[in-house]
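# Structural characterization, general
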Amino acid sequence: MITSFIKYTSALCLCLFVAMSFVSCAFRGVSRHKNISYQQADAVTGKTAQQLNVFSPHHKKSNDVLIFVYGGNWNTGKKKLYSFFGNRMARKNVVTVIVDYPKSPAANYNDMALAVAQAVKWVQNNIDQYGGDPGKIFISGHSAGGHLAGLVGINNAFFDTVGIKNPLKGIILIDAAGLDMYSYLKEENFEPGNTYLQTFTNDPVIWKAASPIYFLHASMPPLLIYQGGKTYPSIAAGNEKFVAALKKYVPQPAFHLQPRKKHVAMITQFFNTSNPRYKEIISFMKMQR
């Protein structure tokens, strides 16, 4: 999985760089507000400064809001690479927020999840200034970002820590990694110093605390789940276990398998502004109003 993720990161960065080359006047009508601080550095708690970008449609208020958490193996990634997604969603009248978060090895999964929860809090308090409705907030993520989006959205402890109630109306997972890190790390039995152990520690109790699958509950926000049919085996296994466990609370989960898609393609498919996933996601958001 580690070698695969290195290849994934390289391929994804190349694809996103190419995509950025084509982003120009095609996105007129979108307001972009970049490098907004949502978390200040704090030497006492060890928090690092974090920023986000907001993409909003011109001349329209009270829009649905989508917070997107990108992937990158929990140790890499930049919000600027996902401007294409923010631009395209804003053109479809969804205020979209792309967030940075601290990375491993300087931060562990808990630091990352708390930063994402803090970003959600910022959105709830400020998004009306950008045309978004604070009562219509959704969260999405791809790969490691899907793990963080799912964990924060399902386990209310992170929102409790930042001092708010869970405001999310729905969660959209795009080929999410790490939905059952406990089972994955237990099976792999990595040597000390492994990148995943830097993120999730050596403690199996913490592995379970980091796994969204163990926090599913009846009152969690609705989920829309996408999985690539040709994704990494560990991601496929985690999604299959997650969907099976979800059926205890949602007998017919909103799960979509895209048979021909590899892991990277699950996010790069959104380069295409007419991709059917956009319509599905927006329809899902409207259903939760």
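A short tour of the structure in this document, coming up. (Residues numbered from 1 in each chain as written. Predicted model: local features only at pLDDT ≥ 70, side-chain atom pairs only at ≥ 80, totals over all residues. Heavy atoms only, no water.)

## Overview of the packing of helix H2 (residues 83–91) against helix H11 (residues 276–287)
- It is the contact of H2 with H11, at a shortest axis distance of 11 Å, that shows an interaxial angle of 60°. It follows from the interaxial angle that H2 and H11 lie oblique. Crossing handedness for the pair H2 and H11: right-handed. Counted together, Phe-85, Arg-88 and Met-89 of H2 and Tyr-278, Ile-281 and Ile-282 of H11 form the full contact between these two elements.
- Taken together, the residues of the contact of H2 with H11 sort by class into five nonpolar, no polar and one charged. (Axes fitted to C-alpha atoms, helices over the stretch in contact; angles between N-to-C directions. Helix = DSSP H or I, 4+ residues; strand = E, 2+ residues; numbered from the N terminus. Parallel < 35°, antiparallel > 145°, perpendicular 65-115°, else oblique. Left-handed = near helix turned anticlockwise from the far one by under 90°. Contact = heavy atoms within 4.5 Å. Nonpolar A, V, L, I, M, F, W, Y, C, P; charged D, E, K, R; others polar.)

## Some details on the sheet that holds strand E7 (residues 223–228)
- Pairing is mixed in the open sheet, where eight strands are placed in the order E1-E2-E4-E3-E5-E6-E7-E8. Each end of this open sheet is capped by a strand with a single partner; those strands are strand E1 (30–39) and strand E8 (254–258). Going across the sheet, the axis of each strand differs from the next one's by a mean of 20°, ignoring polarity.
- Relative to strand E6 (residues 168–174), strand E5 (residues 132–142) runs parallel, the two being bridged by six bridges. Its bridge partner lying in E6, Gly-141 is registered against Leu-173.
- Across the sheet, H2 lies against E1, strand E2 (50–57), strand E3 (63–69) and strand E4 (94–99), angled at about 165° from E4, the strand it touches most.
- Those strands touched by helix H3 (residues 109–126) are E1, E2, E3, E4, E5 and E6, and its axis lies near 125° from that of E1. (Pairing = 2+ DSSP bridges.)

## Considering the pattern of salt bridges
- The final tally for this structure, using the stated rule, is four salt bridges.
- Two residues, Arg-277 and Glu-280, come together in a salt bridge whose shortest N-O distance is 2.9 Å. One end of the pair is Arg-277 and the other is Glu-280, both in helix H11 and three residues apart, which spans about a single turn.
- Judged by relative accessible area, Glu-280 falls into the partly exposed class, the value being 25%. (Salt bridge = Lys/Arg side-chain N within 4 Å of Asp/Glu carboxyl O. Buried < 20%, exposed > 50% of the residue type's maximum accessible area, 1.4 Å probe, protein only.)

## Some details on the pairing of E2
- E2 sits mainly inside the fold: seven of its eight residues count as buried.
- Here E2 pairs with E4 via four bridges, running antiparallel. Residue pairing for E4: Leu-52 is matched across the bridge by Val-99.

## Re the packing of aromatic side chains
- Applying the stated criterion to the full structure yields 18 aromatic pairs.
- Between Tyr-82 and Phe-84, the ring centres sit 6.3 Å apart and the planes meet at 35°, which makes this aromatic pair tilted.
- On the basis of relative accessible area, Phe-84 is assigned to the buried category, the value being 3%.
- Ring-pair connections join several aromatic residues into one group, and the members of that group are Phe-68, Tyr-70, Tyr-82, Phe-84, Phe-85, Tyr-101, Phe-270, Phe-271 and Tyr-278.
- The ring of Tyr-101 carries Lys-103 above its face, with NZ or CZ at 4.4 Å from the centroid.
- Sitting over the face of the ring of Tyr-182, Lys-208 holds its NZ or CZ atom 4.5 Å from the ring centroid. (Phe/Tyr/Trp six-rings, centres within 6.5 Å; stacked < 30°, edge-to-face > 60°. Lys NZ or Arg CZ within 6 Å of the ring centre and 35° of its normal.)

## A word on helix H9 (residues 233–246)
- Taking 1.5 Å per residue as the helical rise, H9 with its 14 residues ought to reach 20 Å, and the 20 Å between its terminal C-alpha atoms agrees with that figure.
- Turning to H9, its buried residues number three or more, namely Ile-235, Ala-236, Gly-238, Asn-239, Phe-242, Val-243 and Leu-246. Each buried residue of H9 lies within a common arc of 165° when the element is viewed along its axis, so the set occupies one face. Exposed side chains of H9 directed beyond 90 degrees from the buried face belong to Pro-233, Glu-240 and Ala-244. (Expected span 1.5 Å × (residues − 1). Arc of directions from axis to C-beta.)

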